[in-house]
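# Structural overview for review
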Amino acid sequence: MSKFETIAIRTQSERTQHREHTAPIFATSSFVFEDAEQARATFAGEIEGNIYSRYSNPNNDEFIDKMCLLEGTEEGISTSSGMAAMFTSIASFLKSGDHILASRSLFGSTHQIITELLPRWGITHTYVDIDQPEDWEKNIQPNTKMIFVESPSNPALDLIDLEALGKLSKAHGLILNVDNCFTTPYLQNPVKFGADIVTHSATKFIDGQGRVLGGAVLGRADLIQEVRFMARHTGPALSPFHGWILSKSLETLSVRMDKHCQNALALAQFLEEQAHVNFVKYPFLPSHPQYALAQKQMRAGGGLVTFEVKGGQAKAQKFLNQLKMLSLTSNLGDTRSIATHPASTTHSKLSPEQRQRVGISEGLVRISVGLEHIEDILEDIAQALV
Ligand SMILES: *Cc1c(COP(=O)(O)O)cnc(C)c1O
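First, a word on scope: everything that follows refers to the structure included in this document. Predicted model only: the values in this text are computed from it and were never measured.

The ligand sits among 13 residues. The nearest are Gly82, Met83, Asp179, Thr203 and Lys204. Between the ligand and glycine 82 there is a distance of 2.8 Å, counted from an oxygen atom to a backbone nitrogen or oxygen. Against a free-state accessible area of 380 Å², the protein chains account for coverage of 91% of the ligand. Taken together, the residues that form the shell around the ligand break down as five nonpolar, five polar and three charged.

What follows concerns the packing of aromatic side chains. Following the criterion strictly, the structure yields six aromatic pairs and no others. Taken together, a centroid distance of 6.1 Å and an interplanar angle of 55° make the contact between phenylalanine 87 and tryptophan 121 tilted. With phenylalanine 87 in helix 4 (residues 82-91) and tryptophan 121 in the loop between helix 5 (108-117) and strand 3 (124-128), this residue pair connects regions lying 34 residues apart in the sequence. Judged by relative accessible area, phenylalanine 87 falls into the partly exposed class, the value being 31%. Accessibility expressed as a relative area gives 45% for tryptophan 121, which makes it partly exposed. The ring of tyrosine 55 carries arginine 232 above its face, with NZ or CZ at 3.7 Å from the centroid.

Looking now at the nonpolar core. Counting 61 residues, the largest nonpolar core has Leu271, Phe307, Phe319, Ile367 and Ile381 as its most contacted members. It is helix 11 (residues 253-272) that contributes the most residues to this core, eight residues altogether. For this core, the two domains that each supply at least three residues are domain 1 (4-250) and domain 2 (253-385). The contact partners of isoleucine 381, leaving out residues within four places of it in the chain, are Leu267, Phe270, Leu271, Phe319, Leu323, Leu326 and Ile367. With 23 residues, the next largest nonpolar core counts Ile123, Val217, Val227 and Ala231 among its residues.

Attention now moves to the pattern of salt bridges. Using the criterion set out here, one finds 18 salt bridges in the structure. The residue arginine 357 makes a salt bridge to aspartate 129 at a minimum N-O spacing of 3.0 Å. One end of the pair, arginine 357, is in helix 14 (residues 352-357); the other, aspartate 129, is in the loop between strand 3 and helix 6 (134-138), with 228 residues separating them in the sequence. Judged by its relative accessible area of 13%, aspartate 129 falls in the buried class. A salt bridge links glutamate 163 to lysine 296, with the shortest nitrogen-to-oxygen separation between them at 2.6 Å. Of this pair, glutamate 163 sits in helix 7 (residues 162-171) while lysine 296 sits in helix 12 (residues 291-297), and the two are 133 residues apart along the sequence. Judged by relative accessible area, glutamate 163 falls into the partly exposed class, the value being 29%. The exposure class of lysine 296 is partly exposed, given its relative accessible area of 42%. One salt-bridge network, held together by shared partners, links Asp161, Glu163, Lys167 and Lys296.

Cut-offs used in this document
Residues numbered from 1 in each chain as written. Predicted model: local features only at pLDDT ≥ 70, side-chain atom pairs only at ≥ 80, totals over all residues. Heavy atoms only, no water. Near = heavy atom within 4 Å. Polar contact = N/O pair within 3.5 Å; in protein donor to acceptor, adjacent residues only side chain to side chain. Areas by Shrake-Rupley, 256 points an atom, 1.4 Å probe, with all protein chains shown as cover. Nonpolar A, V, L, I, M, F, W, Y, C, P; charged D, E, K, R; others polar. Phe/Tyr/Trp six-rings, centres within 6.5 Å; stacked < 30°, edge-to-face > 60°. Helix = DSSP H or I, 4+ residues; strand = E, 2+ residues; numbered from the N terminus. Buried < 20%, exposed > 50% of the residue type's maximum accessible area, 1.4 Å probe, protein only. Lys NZ or Arg CZ within 6 Å of the ring centre and 35° of its normal. Core = buried A, V, L, I, M, F, W, Y, C linked by side-chain atoms within 4.5 Å. Domains from an automatic or database assignment. Contact = heavy atoms within 4.5 Å. Salt bridge = Lys/Arg side-chain N within 4 Å of Asp/Glu carboxyl O.

The following block contains the structure:
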């Protein structure tokens, strides 16, 4: 059992006496012991076993076992949301007086944690522009502990050279933490390039159907031990029901991602031909400035396409208003195609200068390309682009 599809389908928690084919949902807060000695030994960590669902649960274990195998990491923990994963993975390693280096283009709430919350605990940060690779090394300080990045970035879809960053963080003894939500383990495995921790929002492509929140922190056993301690005592636990859904979702991740990528590439190629479009960004379009890097570190281009409508914000909003099928929501990674205007919604908290630095112009539109028939997606977009 070595192939992605097989691992995602065949990794299962132990069957109960009912010999069920699919794992049942273990909706239980705690687990009973055979006797006092088993309770003592389980609490002491001398034998493995479930104690309480804040620490472990068979559904969440099945989900996380698959995630570890698919990302190529030794261990992991599941969390109740992507943000719980991001926060726990940062808080487990940083203390007062430490410094974190992060890419400027980050998911909004991760940006808020680093900019607004970490300073309350005396943790400082520096943001590095994604197009200035030499700035990473320049900004490492004696108290730097972690590098936190997302690649591709949201919504500009710029890439970070993960291998270069992996080497840099190793040379300086830092923890490289990569939010791999946009690509999922199917399209990109950051540990291959030297990442120490891989974090996920499972809410997006992993669930893939817009149903539940969830997250994961994956990495080397010694690092995950710290994360597990933090999670066990602070409680960002995943619901077993959501763990069950996410484990089932992984069974179809490869076929869904193949289709997301196929539709997204077709849309990107279509948009490049449109007179009302200034430019299109998609990692697997030869016109992407980092096409070669995309080919090296990603298996396919992903499910997101970004483009700039001619005529700025007014024209971008007109495009959104004229869409008949695509949903207007800020989510992504759903079966349904979604259109977002980042400058006025997801990234409206940034100043115009900050937006410009991360490549978010007034006319920029982000499409999360769904699994509808490509002809219907193109037809809707074509009729709205006038
Ligand atoms: C959505 C998202 C998150 C946060 O995940 P939630 O499950 O909504 O908490 C973090 N990082 C990225 C890149 C995301 O897209």
